[in-house]
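Here are the chains, one letter per residue:
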Amino acid sequence: MIVKTTKIKEDWQPLLAKEFRKNYFVKLHLFILEENKKYNVYPEYKDIFNAFKLCSFKKLKVVIIGQDPYHKVGLAHGLAFSVKTKNQHPPSLKNILTELKNDININNLNNGDLSNWAKQGVLLLNSLLTVRENEPASHQNIGWEKFTNHVIKLISDQKNNIVFLLWGKHAAEKIRHIDKVKHHILISSHPSPLSAYRGFFGSNHFSRTNNFLIKKNIKPINWNL
């Protein structure tokens, strides 16, 4: 199975095992295998579940929800908004790093790999975990939404005091899967150049996240990369 190939964290396995056996997920897996034979699909097969490989359920503190992976060659590696270190920075990522600098004066502008965040407990979860090259949203409605919605609800049900960062209308729709009493939800416009100036810039989500975690006696995130 796809999840065994990616070696996700052991504490995710029992939580997701039942979902992986469901008919829709088996069909989804077979679909991805066929897609890889016909098209360039991103991220690479081995990286599809990197968000669950790098961020353990036990350490989970923050969830950042994206849409689908970058659809250009050499960018996506299984973490929402993140790119491999030496690659170019897509516009949304540039704006995220700009807001980070403006908010808490951390200059990560030369590094777009967000793996260090994931290792500290930031789940960088795209709603869709795969995409065809040069075809954004090409893997909508094949089962990924059902799976990632399940993950969000699972986190909401089984964890407490998680910070959910919902950037943009698409991410904000996920609020229906989150217990607003148990968790801290921060919403803004998407970091895309089309909307960043309508609320993402100046949202101070990074400092507000850490302020909440500190208030709950939880170790804050070191946002350096």
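Residues numbered from 1 in each chain as written. Predicted model: local features only at pLDDT ≥ 70, side-chain atom pairs only at ≥ 80, totals over all residues. Heavy atoms only, no water.

Colleague: What's the story with the overall build of the chain in this structure? I'm lost.
Modeller: Secondary structure summary: the chain contains nine helices and six strands in total. Its C-alpha atoms give the chain a radius of gyration of 17 Å, within 12% of the compact-globule value 17 Å for 225 residues. With the C-alpha coordinates of the chain rotated into their principal frame, the extents come out at 45 × 35 × 25 Å. Looking at the chain residue by residue over its 225 residues, the buried ones come to 54%. Put simply, 68% of the contacts in the chain that link residues at least 6 apart link residues at least 24 apart. (Helix = DSSP H or I, 4+ residues; strand = E, 2+ residues; numbered from the N terminus. Rg over C-alpha atoms; globule rule 2.2 N^0.38 Å. Buried < 20%, exposed > 50% of the residue type's maximum accessible area, 1.4 Å probe, protein only. Contact = heavy atoms within 4.5 Å.)

Colleague: I'm lost on the packing of aromatic side chains in this one. Help?
Modeller: The geometry of an aromatic ring pair is captured by two quantities: the separation of the ring centres and the angle between the planes. A complete count under the given rule lists 22 aromatic pairs for this structure. Note on Phe49 and Phe52: the rings are 5.5 Å apart at their centroids and 40° apart in plane angle, and the pair reads as tilted. In this structure Phe49 comes out as buried when scored by relative accessible area, which is 0%. Ring centres of Trp144 and Phe147 lie 6.3 Å apart, and the angle between their planes is 70°; on these two criteria the pair is classed as edge-to-face. Placement of both Trp144 and Phe147 in helix H7 (residues 144-158) is noted, with a separation of three residues, approximately one turn of the helix. Residue classification places Trp144 among the buried residues on the basis of a relative accessible area of 1%. Assessed through its relative accessible area of 0%, Phe147 is described here as buried. (Phe/Tyr/Trp six-rings, centres within 6.5 Å; stacked < 30°, edge-to-face > 60°.)

Colleague: Got a minute to help me understand the sheet that holds strand S5 (residues 163-167) in this structure?
Modeller: By definition, the strands of a sheet pair up through backbone hydrogen bonds, in either a parallel or an antiparallel sense. Strands sit in the order S3-S2-S5-S6 across an open sheet of four strands; the sheet is parallel. The outermost strands of the open sheet, each flanked by one partner alone, are strand S3 (122-126) and strand S6 (184-188). Averaged over all pairs of adjacent strands, the angle between their axes in this sheet comes to 20°, without regard to strand direction. Here four bridges tie strand S2 (residues 62-66) to S5, and the two strands are oriented parallel to one another. Within S5, the position partnered with Ile64 by the bridge is Leu165. (Pairing = 2+ DSSP bridges. Axes fitted to C-alpha atoms, helices over the stretch in contact; angles between N-to-C directions.)

Colleague: What is the right way to look at the side chain of Ser82 in this model?
Modeller: Checked against the element boundaries, Ser82 lands in the loop between S2 and helix H5 (91-104). Ignoring sequence-local partners within four residues, the contact set of Ser82 consists of Tyr70, Leu75, His77, Gly112, Asp113, Leu114 and Ser115.

Colleague: Looking at this structure, I do not really get empty space enclosed by the protein. What am I missing?
Modeller: To find the voids left in a structure, one rolls a probe of water-molecule size over its atoms. One pass over the full model with this rule turns up one cavity of 30 Å³ or more. Its volume calculated, the largest cavity comes out at about 30 Å³. Looking at the lining of the largest cavity, the elements with two or more residues in it are helix H4 (50-54) and S3. By residue number, the principal contributor to the lining of the largest cavity is S3, which donates three residues. Here the residues of the lining of the largest cavity sort into seven nonpolar, two polar and no charged. (1 Å grid on protein atoms, 1.4 Å probe; cavity = no way out; pocket = protein on both sides within 12 Å on 5 of 7 lines; lining within 4 Å. Points joined across faces, edges and corners; volume = space filled by probe spheres on them. Nonpolar A, V, L, I, M, F, W, Y, C, P; charged D, E, K, R; others polar.)

Colleague: I'm lost on the layout of surface pockets in this one. Help?
Modeller: One number sums up the size of the largest pocket: a volume of about 350 Å³. For the largest pocket, the lining is made up of 24 residues, of which Gln67, Asp68, Pro69, Tyr70 and Phe81 are closest to its centre.

Colleague: Please explain the packing of helix H2 (residues 13-21) against H7 as it appears in this structure.
Modeller: The relative placement of two packed helices comes down to the angle between their axes together with the axis-to-axis distance. Where H2 meets H7, the axes come as close as 11 Å, and the angle between the chain directions of the two elements is 150°. As summarised for this structure, H2 and H7 are arranged roughly antiparallel, according to the angle between their axes. In this structure, H2 meets H7 at a crossing whose hand is right-handed. Along its contact with H2, which presents Leu15, Leu16, Glu19 and Phe20, the element H7 presents Phe147, His150, Val151, Leu154 and Gln158. Residue composition of the contact of H2 with H7, grouped by class: six nonpolar, two polar and one charged. (Parallel < 35°, antiparallel > 145°, perpendicular 65-115°, else oblique. Left-handed = near helix turned anticlockwise from the far one by under 90°.)

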